[in-house]
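# Results of the structural survey
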Amino acid sequence: GCTIDGIVENSIISKGVKIGKGAVVKNSIIMQDTTIRDNAQIDYVITDKEVTVSEGRSLKGSRSFPVFVPAYKII
């Protein structure tokens, strides 16, 4: 039930996730109904449900300190 038009590496993707064209998701956990818009880049990020990562946005955490985005946020 996901739409993946970008690149996903070493990540967990829940149901209903949409990853736009040119988007890169690495080392992350993406919960249900989250949208990663075109050309966004995330690395070591954990999103709660129904998060939207804006087009061209870049988020980067680290293995010992990932970035967490709470539910229903648009970033």
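The shown structure was predicted, so the numbers you read here are calculated from the model rather than taken from an experiment.

Rules behind the numbers
Residues numbered from 1 in each chain as written. Predicted model: local features only at pLDDT ≥ 70, side-chain atom pairs only at ≥ 80, totals over all residues. Heavy atoms only, no water. Patch = residues over 30% accessible without salt bridge, like charges linked within 9 Å, V, L, I, M, F, W, Y side chains within 5 Å. Areas by Shrake-Rupley, 256 points an atom, 1.4 Å probe, with all protein chains shown as cover. Salt bridge = Lys/Arg side-chain N within 4 Å of Asp/Glu carboxyl O. Helix = DSSP H or I, 4+ residues; strand = E, 2+ residues; numbered from the N terminus. Core = buried A, V, L, I, M, F, W, Y, C linked by side-chain atoms within 4.5 Å. Buried < 20%, exposed > 50% of the residue type's maximum accessible area, 1.4 Å probe, protein only. Contact = heavy atoms within 4.5 Å. Pairing = 2+ DSSP bridges. Axes fitted to C-alpha atoms, helices over the stretch in contact; angles between N-to-C directions.

A surface patch of nonpolar side chains, about 240 Å² in accessible area, is lined by Ile12, Ile29 and Met31. The residue Ile12 is located in strand β3 (residues 12-13) in this model.

Let us look at the nonpolar core. One finds Ile19, Val25, Ile36, Ile42 and Val53 to be the most contacted residues of the largest nonpolar core, which totals 13 residues. Discounting chain neighbours no more than four positions away, the residues touching Val53 are Thr35, Ile36, Arg37, Ala40, Ile42 and Ile75.

Let us now look at the sheet that holds strand β7 (residues 35-36). Within the open sheet, the four strands sit side by side as β1-β4-β7-β10. Their pairing is parallel. Every other strand in the sheet has two partners, leaving β1 (3-4) and β10 (52-53) as the edge strands with one partner each. Where strand β4 (residues 18-19) lies against β7, two bridges are found, and the strand directions are parallel. By the bridge assignment, Ile19 is partnered in β7 with Ile36.

The next point concerns the side chain of Thr52. Note that Thr52 resides in strand β10. On the basis of relative accessibility, which here comes to 16%, the residue Thr52 falls in the buried class. Apart from the residues within four sequence positions on either side, Thr52 is in contact with Thr35, Arg37, Lys73, Ile74 and Ile75.

Turning our attention to the sheet that holds strand β2 (residues 7-9). A sheet is described by the order of its strands in space; here four strands give the open sequence β2-β5-β8-β11, paired in parallel fashion. For this open sheet the edge positions go to β2 and β11 (58-60), each flanked by a neighbour on one side alone. This sheet shows a mean twist of 5° between the axes of neighbouring strands, independent of strand direction. Across three bridges, the pairing between strand β8 (residues 41-43) and β11 is parallel. Note that in β11 the partner of Asp43 across the bridge is Lys60.

These figures capture arrangement, not role.
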